[in-house]
Amino acid sequence: MAQTLTEFDTIAAISTPIGEGGISIVRMSGEDAVKIANKVFKGADLTKVPTHTIHYGHIIDPETDKTIDESMVTVLRAPKTFTREDIVEINCHGGIVVTNHILQLLLANGARMADPGEFTKRAFVNGRIDLTQAESVMDIVRAKTDKARQVAVGQLAGGLLEKIRAMRKEILDTLANVEVNIDYPEYDADQITAKQMADTSKDVIAKIDKLLKTAQEGTILRNGLATAIVGQPNVGKSSLLNYLTQSDKAIVTDVAGTTRDTLEEYVSVNGVPLKLIDTAGIHHTEDKVEKIGVERSQKALKQADLVLLLIDGSQDLNDEDKALIKETADKKRIIILNKMDLGQKLSIEDMKKLTGSEVISTSILKEENLDALADLIKKLFFAGIENSNDQVMVTNQRQSGLLAKAKKQLQDVVKAVDDEVPVDIAQIDFNDAWDTLGEITGDSAPDELINTLFSQFCLGK
Amino acid sequence: MKVYDTNEYDVIVVGAGHAGCEAALASAHMGLKTLVLTIGLDMVAFMPCNPSVGGPAKGTVVREIDALGGQMGKNIDATYIQMRMLNTGKGPAVRALRAQADKNKYHERMKDTIENTPNLTLRQAVVDQLVVEDGVCKGVITNTGARYHAKSVVLTTGTAARGRIFIGELNYSSGPNNTIPAIKLSENLEKLGFKLRRFKTGTPPRVNGNTIDFSKTEEEPGDKIPRHFSYETRDADYLKDQVSCWMTYTNPVTHEIINDNLDRSPMFSGDIVGVGPRYCPSIETKVVRFADKNRHQLFLEPEGLNTKEYYVGDFSTSMPEEVQLRMLHTVAGLEHAEMMRPGYAIEYDVIDPWQLTHTLETKNIKNLFAAGQMNGTSGYEEAAGQGLIAGINAALRAQGKPGFTLGRDEAYIGVLIDDLVTKGTNEPYRLLTSRAEYRLILRHDNADLRLTPYGHKLGLISDERYEKFEEKKKAIEEAKEKLASITIHPTDEVQEFLRNIGEDKLSAGLKADVFLRRPRVKIDDIEKITGEKISDDRYVKEQVEINIKYAGYIKKEQVRIDRLHRQEAKKIPEDIDYNAIEGLATEARQKFEKIRPETLAQAERISGVNPADLAILSVYIQNGRYSKVKK
């Protein structure tokens, strides 16, 4: 539920645009801001430093004591801050992966994810801005809000709006009939049974599930694009991996996968977060028997959002290449014709025609054309996020959160009907689901409207 | 006309329909010297449309009126000829009691009650003018020149204000049922700065029951299980010999006649400019709007025991008389029906209700209150509920006491009044259960629990009745405790019982209150199984069952109500100057200025105000608060 005006716990958010930028800022506001920052900071004791000072040090994960990033941390104590609360700003090196990791650390150590616009809201409510200022700021708020609305509508334009409106209509039609039955019990309108309401609920739940699946793609932004590097032995998978992971920006974490020796490594390529799947397997299959290798790469393929398919461009396509091309046909992929330094037997144009995919030729060993590969990855990534015309996507947390909430409410309807709760009571949750979906499309406003306004304000500040 | 001064009163009520009667009785019961003026003494609590009281939402309002010490419930309990509970197949929140009234007896009994109430004077008079000094209403002047002085005045003009009746091409100035219309009062109100608008409603023809062939219709008898509106009426007094209603249908021939004569209906010819209700359309409107339906339901409702008149429900029309007759004769059972009165449409003036506050006092004239159909509502119950609130507040004002209002979470009456004063209405407003956000809390069965304490505090509920109420509350708690203390064991007998009612077996023993959560288990069953008496009172058992079975949902609504209360706690200063708030959209500024919401919660409910405007308003108010704290 949205926070009320008086609930002032410590909040955190990334307050610079997400993307490449040189420096990103993660900001915290609230009583515990300094305390929490100090837990993840190696350097000066932030609880003892004077206000409005900046400190060099490292952000560490206190659980593992591993260094995440080197950074500058600003400590601003109340009341002379934007929110009139203690504020800590962590300046880090940019890149979604690092910045997000730091935010997650703060959340794990006691901060709460800020609602969109919550910093600004606190500034107003804590009286940071006096009346005249408030009025002029409110003009800006209005402008920004309207813009935020346009942006929201823009995000929704890819069909999501229509999908949700259709769901609401489906609910509304049933809802209206229930109401007619209640308010005009003697009229010969069709009696909506609890079962029909449950059926409508199930139907909408199925539709929400579909949308929520797309929300996973939205979260790629935060979690990284699951990337599989595939290809037959000795085609250069290891080299590519090494190249990617040895770059300065790489962060290697040892999150255990499904098998003990599976590793996931996070790298940032031109600001695009990649989560490399089964990196251990890549090394394995370079020098081990095919059978295990094939199994492993199939497993990796299953999880992948992006496939980097390596083919030896200096040779003709063999059966294994063809099999891999076929296997990855339904994936977003880049076909890399490697070993261009050894002469090119396969032409990019032919491969494009054959596969319908992006094709690029490289020499990983000589580090030739790898920048172009990075650009291609970036292009594909953003194309997927922004221009999925054929597929409706839920891209932000607010939307997916509300969808999940509506789903829960509809599940409550189904359960209530199973429990033989009367139709007009089961309808309470049905009605709520309708409202919740309306919050996504902006067709219904929640009760605490000030929170709504600030939710339409851009994230952070 | 020479004006002369007559008596002085504390409260004057103009009109003695369903709103006026409640207003006058409440004021008199609160100990104030009260005068009620009516255009026709024979029209006191008259039912110009259907002879029935109650139904979904409306029935709950009647119970609320009763819990607050009003008259409607008692009056219908004494004069009904049929009683039915509607929506019995649905949940407790939407069950609704409805009674067919003996229309003449209803009027007679209410008139008798008023005549015999101390502090209350009933008089026939046409009020032409209000006495207003310095923006304060101080009395009324009648068409005979009598000037009555009062500390506060309640207007309940119903459909009389500049009323005009339409029957086909015929139309004439008239109040309901061919009574005298109030013409000058409307002019006076406009002069005083009120914005009036035209609404329209209608009524169907009445036919002679001796000429109806009931064998061609379906019977709708009353209930066997005793139920009443007033919490004071005893089950033992339940009417044994009830009169039935009858159901029949229109058919394509009826529709053909209607379609052929649409040009003669003032609804379609353009003669009627007033806005009619969407939910209660005339038969011609239904035929036009729902052209694919080849029949519409009609209800034949007896108007009383001592009359043969039958009300042809859902056949409201303003067609010419001869067309009405032809239409009627196409209906099964009415082939040879004698039409005793034709249906008609009536157009009348209403006060746009945003000109009122939640106490139903007008914003631009102090000590003047308005209630009932003249506020843009429709229905006897809606009128009576407002009348009660207006009467209470007129009396409180006369005593110099603060006003009394009900929240949306407290009563349907609260929902009704808040809707009117916050959103206004573009058609005659009818209460619907769907208008209430918290309808599981606003049930007909717990109106006494919700409102009796208010009624008692206002002096409208006697100490004796209040004691009984406290006893009932106590009995409910005791029954709950008892249930929580008894264990149901998975004996063969219990398992057999569960099997018979289609519930799953018990795997272990459990407390009776948990056992009661099962949908098909009743307290009576628990009493039988355990041999323990939970309560002797079926109304106590009803409360306990509802509270236990629907506890989860009640809690959900309670959470939403808590949120409402937080927003309601954010008061908007009475003297707020919306022009001084920069950044408000013009539309919002105008709406805020027009409605002048009392709390942020009310501001949120104004249509056409967007979240940004509310935030600006909110911050403006909060800034006042915080700037003080800052120092």
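Chain B goes by tRNA uridine 5-carboxymethylaminomethyl modification enzyme MnmG in an unreviewed UniProt entry, where it is assigned to Lactobacillus hamsteri DSM 5661 = JCM 6256. Word for word, the UniProt comment on chain B under Cofactor (unreviewed entry) is "FAD". UniProt annotates chain B under Subunit (unreviewed entry) with the comment "Homodimer. Heterotetramer of two MnmE and two MnmG subunits."

In the annotation of an unreviewed UniProt entry, chain A is listed under the name tRNA modification GTPase MnmE and assigned to Lactobacillus hamsteri DSM 5661 = JCM 6256. In its Subcellular location (unreviewed entry) section, the UniProt entry covering chain A states "Cytoplasm". As stated in UniProt under Sequence similarities (unreviewed entry), the record for chain A gives "Belongs to the TRAFAC class TrmE-Era-EngA-EngB-Septin-like GTPase superfamily. TrmE GTPase family."

(A) How the structure looks around the domain arrangement of chain B. Residue and element names in this part refer to chain B. The assigned domain composition of chain B is domain 1 (4-200 + 348-458), domain 2 (206-346), domain 3 (466-567) and domain 4 (570-623). Taking the mean C-alpha position of each, domain 1 and domain 4 sit 30 Å from one another. Contacts between the two partners involve nine residues from domain 1 and, on the opposite side, seven residues from domain 4. Taken together, the two surfaces of domain 1 and domain 4 that pack against each other cover about 760 Å², and 53% of this comes from carbon and sulfur. Looking at the side of domain 1 facing domain 4, the largest losses of area belong to Trp354, Lys363 and Thr422, adding up to 54% of the total buried there. Applying the counting rule to domain 1 against domain 4 returns one salt bridge. Asp418 is the partner of Arg605 in a salt bridge, and the nearest nitrogen-oxygen pair spans 2.6 Å. Taken together, the links from domain 1 to domain 4 amount to five residue pairs in polar contact (both at pLDDT 80 or more). In the side of domain 1 that touches domain 4, the residues fall into two nonpolar, three polar and four charged.

(B) The UniProt feature "binding site: Mg(2+)" (unreviewed entry) in chain A, seen in detail. Residue and element names in this part refer to chain A. Residues given the UniProt feature "binding site: Mg(2+)" (unreviewed entry) here are Ser238 and Thr259. You can see Ser238 is positioned in helix H7 (residues 237-246). Take Ser238: its relative accessible area is 15%, and that puts it in the buried class.

(C) Structural context of the packing of helix H2 (residues 58-67) of chain B against helix H10 (residues 380-398) of chain B. Residue and element names in this part refer to chain B. Direction vectors running N to C along H2 and H10 enclose 30°, while the axes themselves pass 9 Å from each other. Here H2 lies roughly parallel to H10, going by the angle between them. H2 and H10 meet at a crossing whose hand is left-handed. Side by side, H2 and H10 meet where Lys58, Val61, Val62 and Ile65 of the first sit next to Glu381, Glu382, Ala384, Gly385 and Leu388 of the second. Taken together, the residues of the contact of H2 with H10 break down into five nonpolar, one polar and three charged.

What counts, and at which threshold
- Residues numbered from 1 in each chain as written.
- Chains lettered and ligands numbered in written order.
- Predicted model: local features only at pLDDT ≥ 70, side-chain atom pairs only at ≥ 80, totals over all residues.
- Heavy atoms only, no water.
- UniProt positions renumbered as here; feature names shortened; annotations may be inferred.
- Domains from an automatic or database assignment.
- Contact = heavy atoms within 4.5 Å.
- Buried area = accessible area lost by both parts, 1.4 Å probe.
- Salt bridge = Lys/Arg side-chain N within 4 Å of Asp/Glu carboxyl O.
- Polar contact = N/O pair within 3.5 Å; in protein donor to acceptor, adjacent residues only side chain to side chain.
- Nonpolar A, V, L, I, M, F, W, Y, C, P; charged D, E, K, R; others polar.
- Helix = DSSP H or I, 4+ residues; strand = E, 2+ residues; numbered from the N terminus.
- Buried < 20%, exposed > 50% of the residue type's maximum accessible area, 1.4 Å probe, protein only.
- Axes fitted to C-alpha atoms, helices over the stretch in contact; angles between N-to-C directions.
- Parallel < 35°, antiparallel > 145°, perpendicular 65-115°, else oblique.
- Left-handed = near helix turned anticlockwise from the far one by under 90°.

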